[in-house]
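Reading the structure
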There are 2 protein chains.
Amino acid sequence: MSQIIEDNEVDIVIGALRSDLTTFMEEWRRIFSRFHLIVVKDPDLEENLQIPPGFDYHVYTKSDMDQILGSTTTAISFSGHSCRYFGYLVSRKKYIVSVDDDCIPARDDQGHLIDPVAQHISNLIHPATPFFFNTLYDPYRNGSDFVRGYPFSLRSGVNCVLSCGLWLNLADYDAPTQAVKPDERNHRYIDAVLTVPARAMMPVSGINIGFNREVMGPALFPGLRFSGEGKIRWETMEDIWCGMCAKVVCDHLGLGVKSGLPYVWRGDSGDALESVKREWEGVKLMEEVVPFFQSLRLPLTAITAEDCMSKIAVIVRERLAPLDPVFNKAADAMEEWLKLWETVGSDV
Amino acid sequence: MSQIIEDNEVDIVIGALRSDLTTFMEEWRRIFSRFHLIVVKDPDLEENLQIPPGFDYHVYTKSDMDQILGSTTTAISFSGHSCRYFGYLVSRKKYIVSVDDDCIPARDDQGHLIDPVAQHISNLIHPATPFFFNTLYDPYRNGSDFVRGYPFSLRSGVNCVLSCGLWLNLADYDAPTQAVKPDERNHRYIDAVLTVPARAMMPVSGINIGFNREVMGPALFPGLRFSGEGKIRWETMEDIWCGMCAKVVCDHLGLGVKSGLPYVWRGDSGDALESVKREWEGVKLMEEVVPFFQSLRLPLTAITAEDCMSKIAVIVRERLAPLDPVFNKAADAMEEWLKLWETVGSDV
């Protein structure tokens, strides 16, 4: 029913937006020390990174990006939170787990420190069940099963390729919501993992995810960026966009996406009001983006994530680009990413 | 954002499969004493019901059924767990909450006794969000909200008309699963409610539900029954069938279905092995039923649950009935139910 994943099949990818990673790394030491880490330095960050000893890591910087991208790439930017995608590109592992550098392992509802990497891996090695909803959540979990009425032919499930974790303390709200509720913190630990049903669209947050890089790598890229975008999560949209692409690809290919555990503890951030003042384009764009992806259907000839993304780029250019030039740039980024993925992948 | 439901807008419907309801009623006294109760006696049960004093209730028996059904009805049977549907028919309230007579209020993960009726009502008065998945579960719950990327135009949600609760102790498994794991009990209290996304099919269990009777009554009926069906939940299928109808109706009409809280504590039942020996037809039938409902699309002219159910009956007869005569009988039951609903409804 499930495979085993060796530690050396997993890369932990950290996008470093702050130079001093000491506290972050120490909080994760017990977990991260078992894995190879890819640390990608935000190309806008000038200071040297501070990383404590005792980890197996490789730091990638602006010069690595320049070397790989050359002068031809224009639509893809790895600045800010998008720097992590460079790590996805240069990894040679089957699986990636990635968390923001302001997140540390959370404690469960019993107060025990959890291992988010182990949970992502568990989500990825156990099947997903996108074609029929199981009311008792993950049927493969110890002590659970498929409920009455669940067709037996669907009980073997499908390959799970994307695991979306959640956040305690500061939840992943957008700037307007955060500004309306500056003091709200998430303290509810919901001890569940579920498969997001096929054809249900969802906002994938890049803060805390694990995925099968071999299968889904072509779909996880920094595609949608705003002109005035800063370094704060609630100003970004690139993960939401590529999450919608990834979900459509999974639905088309019969692969699974899970949401729920693991939680990370997310540290407090800046002033959301400042972000709201900048008039966040994301609010307006999602009104176009969601119906677009909901109605998107791919041809049967698309049988890999590469095929699917290539088709999606064409359709984005046809249907969304006329509404806003940012979508044309997103389609450019998708096509450039696919080329990069092929080039960098064949370098091995 | 949400209405208020008065206690006198709710009927509690209890299908009595056992004659002595004393323990059951005492366990629910604190909650049930606020509401009017409709107790429907299984027409196969011979002994008199024992109900302790102090409740506002009306008992319906076989003679009430005979009086309303007359001699014309043949496809609908109210025996066994299906007796509760007679209560749905004769109720004059807007909302119904119904639990099996082997279930008592559960305790939450803090050990506090919960109020399942209050939770069903809360699920029904707060909107549902079927068109986009919110990773933090119910966005209307205190301390939660819509996550980043959730379109603002979808944040007002839609009317929730069906609330499906869960079970601690004995989970609602089918006979084969129960037989394989005779000692497995569900002790995991997941403190969450979620909207089941549009177009995602699900197995609705009738054990512990609340619904808007005015809107959904025509879809909640005993339609699919097996020849050798006994009095045990894991041998029944009528709730799974009408739950699939209800979900298709909700998806078509833009209404919401929630799953999760409240839990009830479900007492132990008989020997699942005995049921498995009878060769449960449900296992085979679901293989046809699920793809059928997944591909079902209703015409835009269907604008009420009645319209939808009438169309579904026609399509069941066309596409499913040739596979097994039980589906023809289900279509008969659907059409008879719609007539009954109209007749009994106009009697008021």
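For the structure, see preceding data.
Everything in this summary refers to the structure shown in the same document. Everything numeric here is computed off the predicted structure, so don't read it as measured data.

Next up on the list: the layout of surface pockets. Empty space within the largest pocket amounts to approximately 530 Å³. Taken together, 23 residues make up the lining of the largest pocket; nearest its centre are A198 and R199 of chain A together with A198, R199 and R297 of chain B. Classifying every residue of the lining of the largest pocket gives 14 nonpolar, three polar and six charged.

Listed by partner, the interface residues are 60 residues for chain A and 60 residues for chain B. Contact between chain A and chain B buries roughly 5000 Å² in total, counting both sides, with carbon and sulfur atoms accounting for 58%. Between the two partners, chain A and chain B, sit eight salt bridges. D239 of chain B is paired through a salt bridge with R148 of chain A; the nearest N and O atoms lie 2.7 Å apart. Taken together, the links from chain A to chain B amount to 26 residue pairs in polar contact (both at pLDDT 80 or more). When contributions to the side of chain A that touches chain B are tallied by element, the ones reaching two or more residues are β6 (160-169), α5 (175-180), α7 (238-253), β9 (256-266) and α9 (281-295) of chain A. At five residues, α9 of chain A tops the list of elements feeding residues into the side of chain A that touches chain B.

Residues and elements named next belong to chain B. Helix α10 (residues 305-320) packs onto helix α7 (residues 238-253) with a crossing angle of 125° between their chain directions and a minimal axis gap of 10 Å. As judged from the angle between their axes, α7 and α10 are oblique. As for how α7 packs across α10, the hand of that crossing is right-handed. From α7, W241, C245, V248, V249, H252 and L253 reach across to α10, where they touch A305, C308, M309, I312, V316 and L320. Split by residue class, the contact of α7 with α10 holds eleven nonpolar, one polar and no charged.

This part takes up the relation of the copies chain A and chain B. Mapping chain A onto chain B calls for a rotation angle of 180° and an axial translation of 0.0 Å; the resulting RMSD is 0.0 Å. Expressed as an axis order, the relation between the two copies is that of a two-fold axis. No C-alpha of chain A lies nearer the rotation axis than that of I190 of chain A, which sits 3.1 Å from it. Interface residue correspondence from chain A to chain B reaches 100%, placing this contact among same-surface, isologous pairings.

What follows deals with empty space enclosed by the protein. In the structure shown here, the tally under the stated rule is eleven cavities of 30 Å³ or more. Roughly 120 Å³ of internal volume is contained in the largest cavity. Residue lining of the largest cavity: 14 residues in total, with R188 and I190 of chain A together with L136, Y137 and S144 of chain B positioned closest to the centre. Among the residues making up the lining of the largest cavity, the classes are represented as seven nonpolar, three polar and four charged. One number sums up the size of the second largest cavity: a volume of about 100 Å³. For the second largest cavity, the lining is made up of 13 residues, of which L136, Y137 and S144 of chain A together with R188 and I190 of chain B are closest to its centre.

Looking now at the packing of α7 of chain A against α9 of chain A. A pair of packed helices can be characterised by two numbers: the angle between their axes and the separation between those axes. Residue and element names in this part refer to chain A. The geometry of α7 relative to α9 is characterised by a closest axis approach of 10 Å and an angle of 10° between their N-to-C directions. Put simply, α7 runs roughly parallel to α9. Residues I240, W241, M244, C245 and V248 of α7 form the contact with α9, whose own contacting residues are M286, V289, V290 and F293. The residue inventory of the contact of α7 with α9, partitioned by class, reads nine nonpolar, no polar and no charged.

Considering all chains together, one arrives at 44 salt bridges over all chains under this definition. D172 of chain B serves as the salt-bridge partner of R148 of chain A, at 2.8 Å between the closest nitrogen and oxygen. Remark: D172 of chain B occurs in the loop between β6 (160-169) and α5 (175-180) and R148 of chain A occurs in the loop between α4 (116-125) and β6; the pair is interchain, linking two chains. Considered together, R148 of chain A and D172 of chain B belong to a single accessibility category, that of buried residues. One salt bridge connects R233 of chain A with D239 of chain A, and the closest N-O pair in it is separated by 3.3 Å. Residue R233 of chain A shares its accessibility class with D239 of chain A, and that shared class is buried. Each member of the salt-bridge network shares a partner with another, and the members are R84, D100, D172, R233, E238 and D239 of chain A together with R148 of chain B.

We now examine unusual backbone geometry. All names here are of chain A. Residues L261 and P262 are joined by a peptide bond in cis, for which omega reads 0°. Assignment of secondary structure puts P262 in strand β9. The backbone phi angle of N169 is positive, close to 65°, even though this residue is not glycine. Mapping N169 onto the fold places it in strand β6. A residue is classified by how much of its surface remains accessible, and N169, at 8% relative accessible area, is buried.

How each quantity is defined
Residue numbers restart at each chain and count upward from 1, following the sequence in its written direction. Here chains are named by letter from A upward and ligands by number from 1 upward, in the order in which they appear as written. Predicted model: local features are reported for residues with pLDDT of at least 70 only, side-chain atom pairs are reported and counted for 80 or more only, and whole-chain, interface and lining totals are derived from all residues. Remark: hydrogens and water are excluded; side-chain values derive from all non-hydrogen atoms of the structure. Throughout, the protein atoms alone are placed on a 1 Å grid, and a set of points is a cavity if a 1.4 Å probe fits but cannot get out or a pocket if it is open with protein on both sides within 12 Å along at least five of seven lines; lining residues have an atom within 4 Å of a point. Grid points are joined across faces, edges and corners, and a volume is the space filled by probe spheres set on the points. Three classes are used: nonpolar for Ala, Val, Leu, Ile, Met, Phe, Trp, Tyr, Cys and Pro, charged for Asp, Glu, Lys and Arg, and polar for all others, with Gly counted as polar. Throughout, a contact is declared for two residues whenever any of their heavy atoms are within 4.5 Å. Computed with a 1.4 Å rolling probe, the buried area is the accessible surface lost when two parts are put together, summed over both parts. Salt-bridge detection follows one rule: a side-chain nitrogen of Lys or Arg within 4 Å of a carboxyl oxygen of Asp or Glu. In protein, a polar contact means a hydrogen-donor-capable atom and an acceptor-capable atom, both N or O and within 3.5 Å, with residues adjacent in sequence counting only if both atoms are side-chain atoms; elsewhere, any N or O pair within 3.5 Å suffices. Where helices and strands are cited, they refer to DSSP runs of H or I of at least four residues and of E of at least two residues respectively, numbered from the N terminus. Angles here are taken between N-to-C directions and fall from 0 to 180 degrees, while the axes themselves are lines fitted to C-alpha atoms, restricted in helices to the stretch in contact. Roughly parallel refers to an angle under 35 degrees, roughly antiparallel to one over 145, roughly perpendicular to one between 65 and 115, and oblique to any angle outside these ranges. With the far helix as reference, a near helix turned anticlockwise by less than a right angle produces a left-handed crossing, and one turned clockwise produces a right-handed crossing. In superposing the copies, a least-squares fit is computed on C-alpha atoms, taking residues whose pLDDT is at least 70 in both. A 1.4 Å probe rolled over the protein chains alone gives each residue an accessible area, and that area as a share of the maximum for its type sets the label: buried under 20%, exposed over 50%, partly exposed in between.

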